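Overview (structure and organization)
Here is what each chain is made of, one letter per residue.
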Amino acid sequence: MKTDLELALECAINIYHQYAVKKPIDDYLSKNEFSELLKENAKPFLHNTVPPNLSVDDYISKLFKKADRNQDGRLKFTEFLTTLNLVFIDAHNRFHQGHSDAGHGHGHDHDHDHGHGHGSRK
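Residues numbered from 1 in each chain as written. Predicted model: local features only at pLDDT ≥ 70, side-chain atom pairs only at ≥ 80, totals over all residues. Heavy atoms only, no water.

**Some points on the nonpolar core**
- Counting 21 residues, the largest nonpolar core has Leu-29, Phe-34, Leu-37, Leu-38 and Phe-80 as its most contacted members.
- Secondary structure elements with two or more residues in this core: helix H1 (4-20), helix H2 (31-41), helix H4 (56-67) and helix H5 (77-98).
- For this core, the element with the most residues is H4, which contributes six residues. (Core = buried A, V, L, I, M, F, W, Y, C linked by side-chain atoms within 4.5 Å. Buried < 20%, exposed > 50% of the residue type's maximum accessible area, 1.4 Å probe, protein only. Helix = DSSP H or I, 4+ residues; strand = E, 2+ residues; numbered from the N terminus.)

Have a look at this one:
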């Protein structure tokens, strides 16, 4: 049985390829494909992650620009992973802004309301 993390990693790969093989079929994400991918697959997550001074579109543009290291206007898979990393960091920081736990400092509720708990890990 696959772990939650294995399923999440496979899902990220599969979703990337679903959008990267759209027009043109090239295994890269254009800015529009990237925006569509995030808006169709992570909309609630994005709305909870976007810094308060940015719109979702501005946040997506910022992520794209930071990740497009070679500035070719498209993201290869490794650049896409950079965007996920940036979103994870922003989400983690926003979590701590909204969940200050005086006395503990780093508590996490790992049941993220996505249909299943994480349970104990070996």
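Having seen it, we continue.
**Here we look at the confidence of the model for the protein chain**
- The predicted model of the protein chain has a mean per-residue pLDDT of 83, with 80% of residues at 70 or higher.
- Confidence over residues 102-122 falls short of pLDDT 50; this stretch has 19 contacts with residues more than four positions distant or in other chains. (pLDDT = per-residue confidence, 0-100. Contact = heavy atoms within 4.5 Å.)

**Section: the packing of aromatic side chains**
- Enumeration over the complete set of coordinates arrives at four aromatic pairs.
- An angle of 50° between the planes, with centres 5.8 Å apart, marks the rings of Phe-34 and Phe-64 as tilted. Residue Phe-34 is found in helix H2, and its partner Phe-64 is found in helix H4; the two are separated by 30 residues along the sequence. With respect to class, Phe-34 is no different from Phe-64; both count as buried.
- Seen from their ring centres, Phe-77 and Phe-80 are 6.3 Å apart, and the 40° between their planes marks the pair as tilted. Placement of the pair is Phe-77 and Phe-80 together in helix H5, with a separation of three residues, close to one helical turn.
- By relative accessible area, Phe-77 is classed as partly exposed at 27%.
- Here Phe-80 falls in the buried class, since its relative accessible area comes to 2%.
- The structure contains a cluster of three or more aromatic residues connected by ring pairs, namely Tyr-16, Phe-77 and Phe-80. (Phe/Tyr/Trp six-rings, centres within 6.5 Å; stacked < 30°, edge-to-face > 60°.)

**Looking at H5**
- The end-to-end C-alpha distance of H5 is 32 Å, a good match for the 32 Å that 22 residues give at a rise of 1.5 Å each.
- Taken as a whole, H5 has its buried residues at Glu-79, Phe-80, Thr-83, Leu-84, Val-87 and Ala-91. Projected down its long axis, H5 shows its buried positions confined to an angular sector of 150°, all on one face.
- Looking at the buried side of H5, the elements it contacts are H1, strand E1 (29-30), H2, helix H3 (43-49), H4 and strand E2 (74-75). (Expected span 1.5 Å × (residues − 1). Arc of directions from axis to C-beta.)

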